[in-house]
Every structure is written in structure tokens, then in C-alpha cells.
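# A closer look at the structure
Chain residues, written in single-letter form:
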Amino acid sequence: MSPRRVLPPVLPSVLPTLVARNLRDGRFRALAAALALALAALVAPPIPVTRTGVSVLAVVDITGSMAVRDYPAAGGSMSRLETVKAALRATLPDLPCGSRVALGLFTDRRPFLLFTPVEVCADFAPLDGAIAALDPRMAWEGDSRIAAGLFRSIAMAGEIDADLLFLTDGQETPPLPASGGPTFDGRPGAVRGLIVGAGGYGLSPIPRFDDRGRETGFLGESDVQQENRSGPPPADAESREGYNPRNAPFGAQAAHGTEHLSSVREPYLKRLAAETGLGYVHLDGPGGLAAPLRAAATPRPLPGRLDPRPALLAAALALTLLALLAGPLARALRALRGRAGHSAPTPAPTGAIRT
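Residues numbered from 1 in each chain as written. Predicted model: local features only at pLDDT ≥ 70, side-chain atom pairs only at ≥ 80, totals over all residues. Heavy atoms only, no water.

### Regarding the sheet that holds strand 5 (residues 100–107)
The sheet built from six strands is open, its strands ordered 6-5-2-7-8-13 with mixed pairing. Each edge of the open sheet is held by one strand with a lone partner, namely strand 6 (110–119) and strand 13 (279–282). Neighbour-to-neighbour, the strand axes of this sheet turn through a mean angle of 20°, independent of strand direction. Judged from the four bridges that link them, strand 8 (residues 193–197) and strand 13 form a sheet pairing that is parallel. Bridging across to strand 13, G197 finds its partner in H282. Seen against the sheet, helix 4 (residues 124–132) touches strand 5 and strand 6 and runs at an angle of roughly 160° to strand 6. In the packing of helix 5 (residues 146–159) onto the sheet, the strands contacted are strand 2 (55–61), strand 5, strand 6, strand 7 (163–168) and strand 8, and the crossing angle to strand 7 comes to about 155°. (Pairing = 2+ DSSP bridges. Helix = DSSP H or I, 4+ residues; strand = E, 2+ residues; numbered from the N terminus. Axes fitted to C-alpha atoms, helices over the stretch in contact; angles between N-to-C directions. Contact = heavy atoms within 4.5 Å.)

### Details of the pattern of salt bridges
Following the criterion strictly, the structure yields 16 salt bridges and no others. Among the salt bridges present, the one from E82 reaches K85, with a minimum N-O distance of 3.1 Å. With E82 and K85 both in helix 3 (residues 80–91) and three residues apart, the pair spans about one turn of that helix. The partly exposed category is assigned to E82, whose relative accessible area is 36%. (Salt bridge = Lys/Arg side-chain N within 4 Å of Asp/Glu carboxyl O. Buried < 20%, exposed > 50% of the residue type's maximum accessible area, 1.4 Å probe, protein only.)

### Things to note about the packing of aromatic side chains
If you walk through the whole model with that rule in mind, you get three aromatic pairs. Residues F106 and F166 carry aromatic rings whose centres are separated by 5.7 Å and whose planes lie at 55° to one another, so their mutual orientation is tilted. Taken as a pair, F106 in strand 5 and F166 in strand 7 lie far apart in primary sequence, 60 residues in all. Accessibility classification places F106 together with F166 in one group, the buried group. Aromatic pair F151 and F184: ring centres 5.1 Å apart, planes at 45°, arrangement tilted. With F151 in helix 5 and F184 in the loop between strand 7 and strand 8, this pair connects stretches of sequence that are 33 residues apart. One exposure class covers both F151 and F184, and it is buried. (Phe/Tyr/Trp six-rings, centres within 6.5 Å; stacked < 30°, edge-to-face > 60°.)

See the structure below:
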């Protein structure tokens, strides 16, 4: 029996050569790096970060004058309430994750809290849907006592530890009495925030709605209380026709005015802002609300987490595509240069031709 022939070990001697050759290959290095990044994405933990955000209670005026259409839009005009809703919905994506927003309604003399502050990223869909669903038909009273609603909104914002974003056109219904409106008994600036004046500066008609919420025209002068005759009469009462200090202290004639028409009551809203320590800004359109809100609100450090996996996977994909496409692209470029060189015309001789 012949002895078994033992072959020399080939693999240990060839392996270093293969490894060295692959390490010199740029495509191999790119694929190896892509694999390393993909594996890192599987185990990479979130990175803790701290952002600066806000916590805001947004109270939206849904009274009748907010249905006035005095904002230009494509193909027509847009109501104040729809513009306010569009501005709020556009503001949500501009707030950093971790910011919190609560939503409330205002009509008559008090706000109604729909929900306490929720996180704008995790609860974006229900928050956006709640804002989109706001409707004037939600109003439970027809009056609009702006000052009283604002003061109660400030107290509500303080109770839930939030800043206030109060969006209204500022039209008091019924009008303020000659003695003025209610006074603010809180501490100015204790709650930070912003009053947003909605509406155009020119007078516009106020839509009229029936009991089913269908628009049936516009309010007339006799449909709206033109003067508040509670409290002491105004200074010019004695000059009115039919004035009697006991029986007709406001005169005997019906009041006339423009309360059935509406515009943003900016001087009044600015006075309320100064009285309460809030800021004021006019809403010029569906956007541009995020910057003044962040400037007026309290900066709040918000702990958060940054997920590195999308960035790692994107880098791995880019390296993989580079490794797979680099060779074909290089060959295509060389072929194009070769064809361009062969097709170049031979220059004609410029010297004299001898025969």
C-alpha cells in the first residue's frame, strides 16, 4: 500500500494575497464600509439631545365676525377663521419636537379647553385634525366679550403651565359701554404669550346664518346692537334728541353705527396686550405665525432623542450605489472619450502643394 500523498496547504498562502488585493479595490472598501454602517444602524441607540421648544395654549375666537371673508385667496376670499386655522396648522411643523400645544375655543365671555397640551410630533395628526375641524357652528352663544374671554384664557394658560396664543378679530359684541370694559386684575406678564389680530383693516359685512348653520346673507344695521346702553351714558348724551336724565339717559332715538360691519380692532387689541403683558401681532395671511410665537413664548428646554439610524442607512445606501455604479460609469466615460478622439477631423494642410 502506497503512502498517502499530503498536499501542501494552499489556502494559508493565498489568503493574504486575496485580502491585500481586495483591500486595494475601492469598490470592496466601499461595500465593506456600507456593511459596517448597516450593522451599526441595527444596534445604534438614540442620542439624547436637548432642544428649545414651547408650551402653548391656542385659544381661537369662533364668534360670528370670524366668518367674515376679508383675506385674499386663490379664486376668491378666505374667512378669518379659515385663515387662523391655516396659520396654526402651518405653525405646527415649524415647532421643534417636544413642544406642546393645547387647543381651546372662545365665544361669549369664556374659553373652553378642548384638550391639554400634547406633543406636536407624536400627536401631530390628531392635533392637526382638531384644528382643521374648528367651525363657527361650535359657538354656544352669540356674544363676543373679548376682554373677558382673554382674561379667562390667561388664567387657564397659567393653570396648565403654558403660554397663551389668543387669536381674534377683537370685535366686542355687544359693544363696550361708555364706561369701558372689564379691568385685568392679574399680574401683567405672569403669563407670556401673544394676541393675534385677525381680519382686514377695512369694514366688511358679517355673514348671517340660519338655525341649521347655512349662510343666508349678511347682517344689517338693525340685526346688531349698535350701542351698549348699560351703565352710565356717554358724555354727549345730553345733546341727543329726546334726552331725559331719568327716563331716556341715552336719548329717545335708536342707535346707529357700523357694528354690523367688521374689521380687526387693532388699537383695542394692542391696549389689551399692554394691559396684560402679552405681545401683539397682526395676522397677514395663512403663514408667518411661528416666528412671532417663538419670540413671545417662554423658551423651554425639552429633553429629546435623535435617532441616528436613518442617517447611517442613507450613508450605507450611498456607498453601495457608489460601489456598484462607479465601474460602469467610468467605462462609459472612457468609451465616450474614445469615440470623440476617433471622430475628430484631420486638419487640412496649410502649406503650398508641390507637384
